[in-house]
Protein chains: 2
Amino acid sequence: MDKEYELLLLENQVCFPTYAVANKILRRYQPLLKKLNLTYTQYVTMMVMWEKEAVNEKDLVKALYLKANTLTDLLRKLEKKGYVQIARSEKDKRNIVIRLTDEGRKLKDAAISVPKTLIDEHWLTDDEVKTYKELLYKLLKGDWEK
Amino acid sequence: MDKEYELLLLENQVCFPTYAVANKILRRYQPLLKKLNLTYTQYVTMMVMWEKEAVNEKDLVKALYLKANTLTDLLRKLEKKGYVQIARSEKDKRNIVIRLTDEGRKLKDAAISVPKTLIDEHWLTDDEVKTYKELLYKLLKGDWEK
DNA sequence: ACAAATTATATCGTATGCGATATAATTTAG
DNA sequence: CTAAATTATATCGCATACGATATAATTTGT
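Thresholds, definitions, all that
Residues numbered from 1 in each chain as written. Chains lettered and ligands numbered in written order. Predicted model: local features only at pLDDT ≥ 70, side-chain atom pairs only at ≥ 80, totals over all residues. Heavy atoms only, no water. Near = heavy atom within 4 Å. Polar contact = N/O pair within 3.5 Å; in protein donor to acceptor, adjacent residues only side chain to side chain. Helix = DSSP H or I, 4+ residues; strand = E, 2+ residues; numbered from the N terminus. Core = buried A, V, L, I, M, F, W, Y, C linked by side-chain atoms within 4.5 Å. Buried < 20%, exposed > 50% of the residue type's maximum accessible area, 1.4 Å probe, protein only. Contact = heavy atoms within 4.5 Å. Least-squares fit on C-alpha atoms with pLDDT ≥ 70 in both. Buried area = accessible area lost by both parts, 1.4 Å probe. Salt bridge = Lys/Arg side-chain N within 4 Å of Asp/Glu carboxyl O. Nonpolar A, V, L, I, M, F, W, Y, C, P; charged D, E, K, R; others polar. Pairing = 2+ DSSP bridges. Axes fitted to C-alpha atoms, helices over the stretch in contact; angles between N-to-C directions.

Peer 1: Mind showing me how you'd approach the protein's contact with DNA strand C here?
Peer 2: Among the 25 residues in the neighbourhood of DNA strand C, the closest are listed as Arg-27, Arg-76 and Ile-96 of chain A together with Thr-41 and Asn-69 of chain B. Atoms of DNA strand C within 4 Å of the protein belong to the sugar or the phosphate in 81% of instances, the rest to bases. A distance of 3.2 Å separates a phosphate oxygen of DNA strand C from a polar backbone atom of Lys-67 of chain B. A distance of 3.0 Å is found between a phosphate oxygen of DNA strand C and a backbone nitrogen or oxygen belonging to Lys-93 of chain B. Contributions of two or more residues to the surface near DNA strand C are made by helix H2 (15-34), helix H4 (57-64) and helix H5 (68-80) of chain A together with helix H3 (40-52) and helix H5 (68-80) of chain B. Per element, the largest residue contribution to the surface near DNA strand C is four residues, and it comes from H5 of chain A.

As structure tokens, this is what we get:
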């Protein structure tokens, strides 16, 4: 019985420090991203756009591990800021195609300052980062959702 | 120059999988917590309460790595549900003391089903969990915030 | 060919976390 | 001893993520 209650100790959770670290990272990014006029999720979305130039919303959802409804509003905001352009696909009118604009492409150079600043803070050693990311991606790809 | 742009690839980020895993874990917990009438943050807050029985809001903030304003509303909701009792400290009237109620204590037995269910899903091996948690706590305790 | 199932997106309501700011209680300085 | 600084909490407004649900376009099954 006592053994069972141990399952409910904060220190024995995997979820708790994951969630707390995510929030802490977010808090660190926000002031830096403010200068780019981007929120955190807009920033990672732009990372995909900088890499791919154009994507379906559906592929973006997969790439970002989010739900489609989370992206809908976000993309409209990025469009409003002029960083992307949104259109229905001709081939399959259900699909939304998001395209990087010149304005969005320009933002990339300013954005480099963000990882540059943070990399110097050495939160973890290179080896630790490698291990940490492997574990995170194992969790992300794991089949235990829903 | 190309080297610099690599800093902006999604796959090279530490923040991105952390955030994505946190969301994924949240999505996994939510249906289980619904049965307890708790949200995720209320759940981890209750973990502290089950362990400590009574705490200052200020200590709770530290334990949960949150900001005080995030807890204010949350605690009121837990009070409304009857799981905790909230009162100003006599010693220092700035302090809020949160106390577990009988109702809240009762919830603990029902709550055990949550970690019991999830532990069987083996998201990571025991060794991996150990490493993962060490890295998370290194990040959590790191001094790079603000 | 056409009804039923599936897919991609949108809408709505709820919960969260946070920064900025305000306020009340306590501590510190001079 | 009192004015100023600090501490603990509260309030407000914003951004996010999601589930449930709805809708339009496409695919499927017969």
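Peer 1: Before we go on, may I ask you to explain the nonpolar core in this structure?
Peer 2: Nonpolar side chains in soluble globular proteins tend to end up buried together. Core analysis: the biggest nonpolar cluster contains 102 residues, and Tyr-29, Tyr-43 and Tyr-132 of chain A together with Tyr-29, Tyr-43 and Tyr-132 of chain B have the highest contact counts within it. Once residues within four sequence positions are removed from consideration, Tyr-132 of chain B is found in contact with Val-14, Thr-18, Tyr-132, Leu-135, Leu-136 and Leu-139 of chain A together with Val-21 and Leu-124 of chain B.

Peer 1: Is there a simple way to explain the relation of the copies chain B and chain A in this structure?
Peer 2: Note: a rotation about an axis with an accompanying shift along it relates these two copies of the chain. Superposition of chain B onto chain A requires a rotation of 180° combined with a translation of 0.0 Å along the rotation axis, giving an RMSD of 0.0 Å. These values place the two chain copies in the arrangement generated by a two-fold rotation axis.

Peer 1: What should I look at first to understand the protein's contact with DNA strand D in this one?
Peer 2: Around DNA strand D sit 25 residues in total, of which Thr-39 and Asn-69 of chain A together with Arg-27, Arg-76 and Ile-96 of chain B are the nearest. In the interface set of DNA strand D, defined as its atoms within 4 Å of the protein, sugar plus phosphate atoms amount to 80%. In the model, a base oxygen of DNA strand D is placed 2.5 Å from a nitrogen or oxygen of the Asn-69 of chain A side chain. One of the side-chain N or O atoms of Arg-76 of chain B is found 2.5 Å from a phosphate oxygen in DNA strand D.

Peer 1: Help me understand the side chain of Thr-101 of chain B in this model?
Peer 2: Residue and element names in this part refer to chain B. As for its position among the elements, Thr-101 is in the loop between strand S3 (96-100) and helix H6 (102-111). Residue classification places Thr-101 among the buried positions, given a relative accessible area of 17%. Excluding anything up to four places from it in sequence, Thr-101 contacts Gly-82, Tyr-83, Val-84 and Gln-85.

Peer 1: Any chance you could explain the interface of chain B and chain A here in plain terms?
Peer 2: One widely used convention gives an interface's size as the accessible area the parts lose upon coming together. With 65 residues of chain B at the contact, the number on the chain A side is 65 residues. The contact between chain B and chain A buries some 6800 Å² in all, and 72% of this surface belongs to carbon and sulfur atoms. Of all residues in chain B, Leu-8, Lys-24 and Trp-144 of chain B bury the most surface against chain A, accounting for 12% of the area lost on that side. Linking chain B to chain A there are four salt bridges. When the shortest N-O distance is used, the salt bridge between Glu-4 of chain B and Lys-116 of chain A registers 2.7 Å. Inspection of the region where chain B meets chain A yields 22 residue pairs in polar contact (both at pLDDT 80 or more). Those elements that place two or more of their residues in the side of chain B that touches chain A are helix H1 (2-6), helix H2 (15-34), H3, helix H4 (57-64), H6, helix H7 (113-119) and helix H8 (126-141) of chain B. When residues in the side of chain B that touches chain A are grouped by element, the largest group, 15 residues, is from H2 of chain B. Per-class residue counts for the side of chain B that touches chain A are 40 nonpolar, eight polar and 17 charged.

Peer 1: Would you take a moment to explain the sheet that holds strand S1 (residues 54-56) of chain B for this structure?
Peer 2: Sheet strands associate in pairs through backbone hydrogen bonding, adopting either a parallel or an antiparallel arrangement. Residues and elements named next belong to chain B. The strand order across the open sheet built from three strands is S1-S3-S2, with neighbouring strands paired in antiparallel fashion. Looking at which strands have only one partner, the edges of the open sheet turn out to be S1 and strand S2 (84-88). For this sheet, the mean angle separating the axes of adjacent strands, direction not counted, is 20°. Here S2 pairs with S3 via five bridges, running antiparallel. Pairing of Gln-85 across the sheet is with Arg-99, part of S3. Relative to S2, H5 is tilted by about 125°, and along the sheet it contacts S2 and S3.

Limitation: the analysis is restricted to geometry and does not speak to function.
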